[in-house]
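Structural features, examined
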Amino acid sequence: MAAYSRLIPVFVITGFLGSGKTTLLNRMLRHPSLRDAAVLVNEFGDVGLDHFLVEKMDENTVLLESGCLCCTIRDDLKKSIIELNSKRERGEVPRYKRMIVETTGLADPSPIIFTLSSDTVLKHHYRLGTVITTVDGVNGLGALKRHAESVKQASVADRIVITKSDIADATQLARLRAKLERLNPTAEFLTAIDGKVDVRHLLRADLYDLKTKGAEVRRWLAAEAERAGHDDDHAGPNVNRHDVNRHDERIRSFTLIYDEPLDWTAFGIWLTMLLHCHGEKMLRVKGLLNVKGIDAPVLINGVQHVVHPPMHLKAWPDDDHRSRIVFIVDDIDQALLERSLAAFNKVGAAAA
Amino acid sequence: MCALCGALMDGPHWTERGTDAGRADAALPGRRRYLERCYRVALLNRVLARYGCTADDWAGNQYVVRNRSGGATEVVTNLPQLWLALEAITRKTADPLDPELIARLEKAPPVTH
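**Focus: unusual backbone geometry**
Residues and elements named next belong to chain B.
- With phi around 60°, Ala-59 is a residue other than glycine that occupies positive phi space.
- By the secondary structure assignment, Ala-59 is in the loop between strand E1 (53-58) and strand E2 (62-67).
- Backbone geometry places Arg-91, a non-glycine residue, at a positive phi of 60°.
- By the secondary structure assignment, Arg-91 is in the loop between helix H2 (79-90) and helix H3 (99-107).
- Overall, Arg-91 belongs to the exposed group, its relative accessible area being 75%.

Pasting the structure below:
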């Protein structure tokens, strides 16, 4: 098995119905830096994306025919990728260096993420790259309020593109942005104006691209710290709370901070047990750990049941060398979670 | 696949590939891996005590989970499988947020290695 960072990254583009996924994808595919990408789309959309693809992408394109990518054809996704991979190996299609999978608007992106990470064949060739979620600047707030899928899509995102910002009301946009930031403090926000978005920025390498060497980590830690600073007045020591007052929402994010170095073995036992029991409720787990006996900070990154392999950063991104773990959860007791990890860690505390 | 027992081997789980699994695909080397595994089993047994079960290492790449009477035994290759096996044996939920488990761990003596 190749090292994780050398596998082909798969970008997932998701977003609620009418939020501009296809427009974004069209825009992205015209960008020269995506010439080396294979694209998997659904025919569920009503925009003429497939025409564009047939013209421009030629054999790099496989159209999935089953409609909803997540609910009905996880197996199709697997088969499509494996088939495409075989063609790539045989030289029947160009040796693409990345892949983009577009979900339907009603899709929960988790099954796709799970398929990529759990299938025995796929996981030896591909890895999850960045999850990009489009949110409608005009109707996004309503979708988040009414549709669980929309909340889920925003929660698991690495990048959130707010679309139609040129026609949306400024106050409404600000409220939407604030809501999304509370929901997913580690996501990077981009704005699409008249369908235009900074594609290069959007596709900037993810956590596991060696070229960027942790720039992504610095970005989301900085975002987290900024938000933590805002919340200090309202939270106790070591606990940054978000969204606690939103009566109608169970999904919220918070950061647990541990002053003492963590025991890696105990942490592995704890996280696998947690994801086994509560994986569906753990939408994101992202963190930088100070691991006992190891100088380099260890990066952890999980989406529901899936955990990316941990990775060392060369150095701490700032002077704060405490372990910091950001959780985005659905109805999980924060205090209990914090106490639980501390208890597991304590059992290993006397290790040499 | 293991030629003796027919178990499918799926490469080391991220918990067993050291802390830098994102850059290196190999498992920990020999003795370090063995010591780490002994330590993991000792820690696991602190947790499994809550459920009246124990875990042992088998051949350095599998775990044997059993209840106290030894009447129920499962062989697994990684931690996610171990939690499933524990639930199959005990018919209890393996929940790290269980207050009783947390209280037990808070009182448990630390493992040394």
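**Concerning the interface of chain B and chain A**
- Of the residues lining the interface, 44 residues belong to chain B; the matching set on chain A comes to 46 residues.
- Surface buried jointly by chain B and chain A totals about 3800 Å² across both partners, of which 66% is contributed by carbon and sulfur atoms.
- Of all residues in chain B, Trp-14, Thr-19 and Arg-23 of chain B bury the most surface against chain A, accounting for 22% of the area lost on that side.
- On the surface where chain B and chain A come into contact, there are one salt bridge.
- One salt bridge in this structure joins Glu-106 of chain B and Arg-339 of chain A, with 2.9 Å as the shortest N-O distance.
- Connecting chain B to chain A are 13 residue pairs in polar contact (both at pLDDT 80 or more).
- Put simply, the parts of the chain that give the side of chain B that touches chain A at least two residues each are helix H1 (30-48), H2 and H3 of chain B.

**A short note on the environment of Val-111 of chain B**
- For Val-111 of chain B, the position within the fold is in the segment after H3.
- The class for Val-111 of chain B is buried, based on a relative accessible area of 4%.

**Here we look at the sheet that holds strand E3 (residues 73-76) of chain B**
Residue and element names in this part refer to chain B.
- Read across the open sheet, the three strands follow the order E1-E2-E3; overall the sheet is antiparallel. If you trace the sheet from one side to the other, it starts and ends with E1 and E3, each paired once. For this sheet, the mean angle separating the axes of adjacent strands, direction not counted, is 20°.
- Across six bridges, the pairing between E1 and E2 is antiparallel. When the bridges of E2 are listed, Ala-55 appears paired with Val-65.
- The sheet strands contacting H1 are E1 and E2, and the helix crosses E1 at an angle near 165°.
- Contacting E1, E2 and E3, H2 crosses the sheet at an angle of about 170° to E3.

**Focus on the pattern of salt bridges**
Residues and elements named next belong to chain A.
- Within the structure shown, the criterion is met by 20 salt bridges over all chains.
- We note a salt bridge from Glu-188 to Arg-159, for which the minimum N-O separation is 3.3 Å. In this pair, Glu-188 sits in strand E7 (residues 188-191) while Arg-159 sits in strand E6 (residues 159-163), placing the two residues 29 residues apart along the sequence.
- Judged by relative accessible area, which is 0%, Arg-159 ranks as buried.

**Points about the pairing of strand E10 (residues 282-289) of chain A**
All names here are of chain A.
- In terms of residue burial, E10 counts as a mostly covered element, since eight of its eight residues are buried.
- In this sheet, strand E11 (residues 298-303) lies alongside E10 in antiparallel orientation, the contact comprising six bridges. Bridging across to E11, Val-285 finds its partner in Gly-302.

**Describing the confidence of the model for chain B**
- The predicted model of chain B averages 87 in pLDDT, with 88% of residues at 70 or higher.
- Mean pLDDT values for the elements of chain B range from 91 in H1 of chain B up to 97 in H3 of chain B.

**Digging into the packing of helix H10 (residues 264-278) of chain A against H2 of chain B**
- Look at H10 of chain A against H2 of chain B: their axes get within 9 Å of each other, and the N-to-C directions meet at 60°. Our classification of the angle between H10 of chain A and H2 of chain B gives oblique. The two elements H10 of chain A and H2 of chain B meet at a crossing, and its hand is right-handed. When H10 of chain A is examined against H2 of chain B, the residues Gly-268, Ile-269, Thr-272, Met-273 and His-276 of chain A are found in contact with a partner set consisting of Leu-79, Pro-80, Trp-83, Leu-84 and Glu-87 of chain B.
- Its residues placed into classes, the contact of H10 of chain A with H2 of chain B shows six nonpolar, three polar and one charged.

**Digging into the pairing of E11 of chain A**
Residue and element names in this part refer to chain A.
- Most of E11 is tucked away, with six of its six residues classed as buried.
- Examined bridge by bridge, E11 and strand E13 (residues 311-312) share two bridges and lie antiparallel to one another. Its bridge partner being in E13, Val-298 is matched across the sheet by His-312.
- When E11 meets strand E12 (residues 306-307), the two strands line up antiparallel, connected through two bridges. Pairing of Val-303 across the sheet is with Val-306, part of E12.
- Between E11 and E12, which follow one another and run antiparallel, lie two residues, and Gln-304 among them has a positive phi close to 50°.

**Focus: empty space enclosed by the protein**
- Scanning all chains against the criterion turns up four cavities of 30 Å³ or more.
- If you add up the space inside the second largest cavity, you get close to 40 Å³.
- Grouping the constituent residues of the lining of the second largest cavity by class yields one nonpolar, no polar and five charged.

**Brief notes about the nonpolar core**
- Counting residues in hydrophobic clusters, the biggest one holds 54 residues, and the most contacted among them are Phe-267, Phe-327 and Leu-337 of chain A together with Leu-82 and Trp-83 of chain B.
- Counting residues per element, this core draws most heavily on H10 of chain A, at nine residues.
- Leaving out residues up to four positions away in the same chain, Leu-82 of chain B has contacts with Leu-44, Leu-48, Ala-55, Tyr-63, Val-65 and Val-76 of chain B.
- Grouped together as the second largest cluster of nonpolar side chains are 22 residues, Val-12, Ala-38, Ile-112 and Tyr-126 of chain A included.

**Things to note about the confidence of the model for chain A**
Residues and elements named next belong to chain A.
- Model confidence for chain A is summarised by a mean pLDDT of 77, while 76% of its residues fall at 70 or above.
- Ranking the helices and strands of chain A by mean pLDDT puts helix H11 (residues 334-347) first, with 96, and helix H2 (residues 49-56) last, with 33.
- Here residues 65-73 is modelled with pLDDT under 50, and outside its nearest four sequence neighbours on either side it reaches 25 contacts, counting other chains as well.
- Below pLDDT 50 for its whole length, residues 232-248 participates in 35 contacts with residues either more than four positions away or in separate chains.

Thresholds applied
- Residues numbered from 1 in each chain as written.
- Chains lettered and ligands numbered in written order.
- Predicted model: local features only at pLDDT ≥ 70, side-chain atom pairs only at ≥ 80, totals over all residues.
- Heavy atoms only, no water.
- Helix = DSSP H or I, 4+ residues; strand = E, 2+ residues; numbered from the N terminus.
- Buried < 20%, exposed > 50% of the residue type's maximum accessible area, 1.4 Å probe, protein only.
- Contact = heavy atoms within 4.5 Å.
- Buried area = accessible area lost by both parts, 1.4 Å probe.
- Salt bridge = Lys/Arg side-chain N within 4 Å of Asp/Glu carboxyl O.
- Polar contact = N/O pair within 3.5 Å; in protein donor to acceptor, adjacent residues only side chain to side chain.
- Pairing = 2+ DSSP bridges.
- Axes fitted to C-alpha atoms, helices over the stretch in contact; angles between N-to-C directions.
- pLDDT = per-residue confidence, 0-100.
- Parallel < 35°, antiparallel > 145°, perpendicular 65-115°, else oblique.
- Left-handed = near helix turned anticlockwise from the far one by under 90°.
- Nonpolar A, V, L, I, M, F, W, Y, C, P; charged D, E, K, R; others polar.
- 1 Å grid on protein atoms, 1.4 Å probe; cavity = no way out; pocket = protein on both sides within 12 Å on 5 of 7 lines; lining within 4 Å.
- Points joined across faces, edges and corners; volume = space filled by probe spheres on them.
- Core = buried A, V, L, I, M, F, W, Y, C linked by side-chain atoms within 4.5 Å.

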